[in-house]
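# Reading the structure
The chain contents come next:
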Amino acid sequence: MKGALVTGGGRRLGASIARHLGAKGWHVFVHHHNSGAGAREVAGQIIAAGGAATPVQADLGDAGAVARLHEECEAICPLGLLVNNASSFGYDTAASATAETLEAHMRVNLFAPVLLTQKLHASLTTRGAQGVAINIVDNKVFGLNPDYFSYTLTKVALQGMIQMQAMAMAPTLRVAGIAPGITLISGLQTEAEFERSRRNNPMGMGCTPEQILNAVDFILVSPAYHGQTMVIDGGQVLQRRPRDVVFLENPAPAPR
């Protein structure tokens, strides 16, 4: 059995990915920072369904903790899959961003994926094995607007990381991305606002967790899929909206 590390696996989309991989036969390491109860619940659900899972804790903003996270997983089960799902997501603008907000987002959204992918590649190389790293990006990268300025910059950098690491780490490690549009209700959104936002695109339908799980499966079973990122947003990026889609329904900037 090979191990799969899912960062931010204790809640929301990460939990769905973790449970899905557990059902596929992976030993899932359900990472969390402060969502310990959620990670333990997800791991318990995987085990109850006949799978294998271990909750693991780390502050992805701490490079030392990131290194220890990889070592903790490898001591239990060799990793063959990394899903960089965890994300720091705070609202700021081009005018309000500070060195502190930029660094806080970069540490979690970029530095941790870079370091975890490096460590996975090194481990696979030592073992003479192959693996996959999947990064959850954001459709904003392909249809930029200035809302959530620091967050968006980190996702632009993450997309660049995917391409560069794919060039450097093949054939030992395949590196790919998934860039969803709005998928789950969050922040101060009402259910009605969420539904309007996710349907505000040419196809009139939004991304769902199930579609993201399908994308994960496609990447895993497609050995030639490498260095690319799938956008799942109903064509929203084609509209080149000047603001984040949540503000088309509610113009007041509210963290989500």
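Below you will find a few notes about this structure. (Residues numbered from 1 in each chain as written. Predicted model: local features only at pLDDT ≥ 70, side-chain atom pairs only at ≥ 80, totals over all residues. Heavy atoms only, no water.)

### Thoughts on the packing of helix α4 (residues 99-127) against helix α5 (residues 149-169)
Where α4 meets α5, the axes come as close as 9 Å, and the angle between the chain directions of the two elements is 15 degrees. The angle between α4 and α5 places the two elements in the roughly parallel class. For the crossing formed where α4 meets α5, the hand is right-handed. Side by side, α4 and α5 meet where T101, L102, H105, M106, N109, L110, P113, V114, T117, Q118 and H121 of the first sit next to S150, Y151, L153, T154, A157, L158, M161, Q165 and M169 of the second. In terms of residue class, the contact of α4 with α5 is made up of eleven nonpolar, nine polar and no charged. (Axes fitted to C-alpha atoms, helices over the stretch in contact; angles between N-to-C directions. Helix = DSSP H or I, 4+ residues; strand = E, 2+ residues; numbered from the N terminus. Parallel < 35°, antiparallel > 145°, perpendicular 65-115°, else oblique. Left-handed = near helix turned anticlockwise from the far one by under 90°. Contact = heavy atoms within 4.5 Å. Nonpolar A, V, L, I, M, F, W, Y, C, P; charged D, E, K, R; others polar.)

### Some points on the packing of aromatic side chains
Applying the stated criterion across every chain, the model contains four aromatic pairs. Measuring from centroid to centroid gives 4.4 Å for F89 and Y151, while their planes differ by 80 degrees, and the two rings are edge-to-face. Here the residue F89 occupies a position in the loop between β4 (79-84) and α4, and Y151 occupies one in helix α5, the gap between them amounting to 62 residues. Using a relative accessible area of 5% as the deciding quantity, one classes Y151 as buried. Centre to centre, the rings of F218 and Y225 are 5.5 Å apart; their planes meet at 75 degrees, and the pair counts as edge-to-face. For Y225, a relative accessible area of 15% translates into the label buried. Feature note: the residues F89, Y91, Y148 and Y151 constitute an aromatic cluster, connected by ring pairs. (Phe/Tyr/Trp six-rings, centres within 6.5 Å; stacked < 30°, edge-to-face > 60°. Buried < 20%, exposed > 50% of the residue type's maximum accessible area, 1.4 Å probe, protein only.)

### Structural notes on unusual backbone geometry
Omega for the peptide link from A170 to P171 comes to 0 degrees, which places this bond in the cis form. Within the fold, P171 resides in the loop between α5 and β6 (173-180). A positive phi angle, near 50 degrees, is found at R12, a position not held by glycine. Its place among the elements puts R12 in helix α1 (residues 12-23). Overall, R12 belongs to the partly exposed group, its relative accessible area being 36%. Positive phi outside glycine occurs at Y148, with the angle close to 55 degrees. Here Y148 shows up in the loop between β5 (131-136) and α5. Residue classification places Y148 among the buried positions, given a relative accessible area of 0%.

### Describing the sheet that holds β5
Spatially, the seven strands line up as an open sheet ordered β3-β2-β1-β4-β5-β6-β7, and their pairing is parallel. The sheet is open, and its two borders are formed by β3 (52-57) and β7 (229-232), each paired with just one other strand. Taking each pair of neighbouring strands and ignoring which way they run, the sheet shows an average axis angle of 20 degrees. As paired elements, β4 and β5 share four bridges and run parallel to each other. The partner of L81 across the bridge, within β5, is V132. Strands in contact with α4 are β1 (3-6), β4, β5 and β6; relative to β4, the strand with the most contacts, it is inclined by about 170 degrees. (Pairing = 2+ DSSP bridges.)

### Quick word on helix α2 (residues 36-48)
Its 13 residues give α2 an end-to-end C-alpha distance of 18 Å, which sits within 8% of 18 Å, the value for a rise of 1.5 Å per residue. Buried within α2 are the following residues: G36, G38, A39, V42, A43 and I46. Down the axis of α2, the buried set is contained in an arc of 165 degrees. They therefore lie on one face. Exposed positions of α2 whose direction lies more than 90 degrees from the buried face are A37, R40, E41 and A48. Structurally, α2 contributes buried residues whose contacts are with α1, β2 (27-32) and β3. Just beyond α2, the residue with positive phi is G50, at close to 100 degrees. (Expected span 1.5 Å × (residues − 1). Arc of directions from axis to C-beta.)

### With respect to the pairing of β6
Two faces, one strand: in a regular strand the side chains alternate between the faces of the sheet. Judged by how many residues are buried, β6 sits mostly within the fold: eight of eight residues are covered. Side-chain alternation along β6 places L173, V175, G177 and A179 on one buried face and R174, A176, I178 and P180 on a second face that is also buried. Where β5 and β6 come together, six bridges link them in parallel fashion. Within β6, the residue paired with G131 across the bridge is L173. Regarding topology, α5 serves as the crossover connection from β5 to the parallel β6, and that connection is right-handed. As paired elements, β6 and β7 share four bridges and run parallel to each other. (Right-handed = clockwise from strand over helix to strand, strands pointing away.)

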